[in-house]
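Residue-level listing of the chains:
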Amino acid sequence: MAKVRLGDYVRIRTGKLDANAADQNGKYPFFTCSIVPLCINTYSYDCECVLVAGNGDLNVKYYNGKFDAYQRTYIVESLNNKLLTVPYLYRFMEKYIETLRNISIGGVIKYIKLGNLTEANINLPTVSKQNEIVDVISNVDNLIKEAEQQLADLDILVKSRFIEMFGDPIRNDKFWPINKLKDVTIKIGSGATPKGGKESYPNEGIYFIRSLNVHDGLFEFKDLAHLTENQAKLLNNVIVEQGDVLLNITGASVARTCVVPNEILPARVNQHVSIIRCNKNFLNSTFMNRQFLSDSFKRILLNMGEAGGATRQAITKQQLEDTTVIVPPITLQKEYASFVIQVDKSKLAIQQSLDELETLKKSLMQQYFG
């Protein structure tokens, strides 16, 4: 099927307002360049359209109704719904946003021009085929959202069980014994980056954990780096062992924490990640990680990272050592850990399904929109 020029089939306007026109109590959506719309009390537009962020975090949204828009937001409408439906246009733009990100220009803040939209080439099948394509992709999207909600519900379940069994760890409303972290662990320490930085990493070898791998309750295997034997020897004081809790201690990801997965051991960490090795007589690592992840404890860690007004968030070894934690009976901690392990098995199955659905969606988008 021959592609056509998008500009011949759409009307494109831009918003007129500054971002400070938003009102958090407003009754209408206010679309800016952020992913999440703001609110506003007035509206200038009432239509079915696709909204494309013109700078910053380039993204695309579908909306039908009354709204207003920031001056760098493009409002894209179909000139003739019998030739091009807006839901189909949205799905095309959802794929085309990848191209827009690649061709955006500018220094600190990237932006696109009107011509980047009007000169786009789009497949234009019959309206019935457009509807069929939209339905197929929407069905996959719904399954993705369902899986994401299942994962979110399981996370809530794990947090709720923690509070049910142990209470709030900061208020300590169940009056558990309290110890400084240094007194119930056998190691607290971070590593370093080998000379030469990431350019010196080989494609295989000993695993090297960086802050981008450590997420809350989840280890991200993507972009996991490697070290040579010689590089690893220089970091032998930060060998990661089974059950170690990993905590990001610098940068925007400060306070993210998870338990290291066994399959990457032995491994090393860089200077942005701290190893916290529990004394098994006092602390179970799964319990300790979930204590870090509780809402109240997470706030303490984040505040610790922001302390002193530094330009870069950081948690020091001394701060960690002096942090107090609740220490319930180890049998109770292990009971909770067993529950978490069972939930994690369910999460793994759902995550695998989610990964397959996201791969399927990418394949469909490529098939339909190139």
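What counts, and at which threshold
Residues numbered from 1 in each chain as written. Predicted model: local features only at pLDDT ≥ 70, side-chain atom pairs only at ≥ 80, totals over all residues. Heavy atoms only, no water. Disulfide = S-S within 2.5 Å. Pairing = 2+ DSSP bridges. Helix = DSSP H or I, 4+ residues; strand = E, 2+ residues; numbered from the N terminus. Core = buried A, V, L, I, M, F, W, Y, C linked by side-chain atoms within 4.5 Å. Buried < 20%, exposed > 50% of the residue type's maximum accessible area, 1.4 Å probe, protein only. Axes fitted to C-alpha atoms, helices over the stretch in contact; angles between N-to-C directions. Parallel < 35°, antiparallel > 145°, perpendicular 65-115°, else oblique. Contact = heavy atoms within 4.5 Å. Nonpolar A, V, L, I, M, F, W, Y, C, P; charged D, E, K, R; others polar. Salt bridge = Lys/Arg side-chain N within 4 Å of Asp/Glu carboxyl O.

Peer 1: Quick question: what am I supposed to make of the state of the cysteines here?
Peer 2: Among covalent bonds in proteins, the disulfide is the one between the sulfur atoms of two cysteines. Summed over all chains, the structure comprises 0 disulfides. Among the cysteines around Cys33, which has no disulfide bond, Cys49 carries the closest sulfur, lying 14 Å off. Left without a disulfide partner, Cys49 is nearest to the cysteine sulfur of Cys47, which lies 4.0 Å away.

Peer 1: How should the sheet that holds strand β14 (residues 225–227) be read in this particular structure?
Peer 2: Whether parallel or antiparallel, the strands of a sheet pair through hydrogen bonds between backbone atoms. Spatial ordering of the open sheet is given by β14-β11-β18-β15, a layout of 4 strands whose pairing is mixed. Here the strands that pair on one side only, and so sit at the sheet edges, are β14 and β15 (239–240).

Peer 1: Explain the nonpolar core to me, please; I cannot follow it from the model alone.
Peer 2: With 69 residues, the main nonpolar core has Leu6, Val50, Val52, Met93, Leu100 and Leu181 as its most contacted residues. For this core, the element with the highest residue contribution is helix α3 (residues 127–166), accounting for 12 residues. Formed by 21 residues, the second largest nonpolar core is a distinct cluster that contains Ile209, Ala225, Cys258 and Ile275.

Peer 1: Can you walk me through the packing of α3 against helix α5 (residues 285–293) in this structure?
Peer 2: When two helices pack together, their arrangement is given by the angle between their axes and by how far apart the axes lie. One way to put it is that α3 packs onto α5 with a least axis distance of 11 Å and a crossing angle of 100°. Between α3 and α5, the interaxial angle falls into the category roughly perpendicular. Taking contact as the criterion, the partners of Val158, Lys159, Phe162 and Phe166 in α3 are, on α5, Phe287, Arg290, Gln291 and Leu293. The residue makeup of the contact of α3 with α5, split by class, is 5 nonpolar, 1 polar and 2 charged.

Peer 1: Help me understand the pattern of salt bridges in this model?
Peer 2: Scanning all chains against the criterion turns up 21 salt bridges. Between Glu164 and Arg161 there is a salt bridge, with the nearest N and O atoms lying 3.9 Å from each other. Of this pair, Glu164 and Arg161 both sit in helix α3, 3 residues apart, roughly one helical turn. Under the relative-accessibility criterion, Glu164 is labelled exposed at 55%. For Asp168, the salt bridge is made with Arg171, and the minimal N-O distance between the two is 3.7 Å. The exposure class assigned to Asp168 is buried, which follows from its relative accessible area of 11%. Residues participating in the shared-partner salt-bridge network are Arg91, Glu94, Asp141 and Lys361.

Peer 1: What is the right way to read the pairing of strand β16 (residues 245–248) from this model?
Peer 2: On β16, burial covers both faces: Val245 and Leu247 on one face and Leu246 and Asn248 on the other are all buried. Sheet analysis places β16 next to strand β17 (residues 257–259), joined by 3 bridges and oriented antiparallel. Opposite Val245, over in β17, you have Val259 as the bridge partner. As paired strands, β16 and strand β19 (residues 273–278) are joined by 4 bridges and run antiparallel to one another. Bridge pairing links Leu247 to Ser274 in β19.

Worth remembering: the numbers are spatial, not functional.
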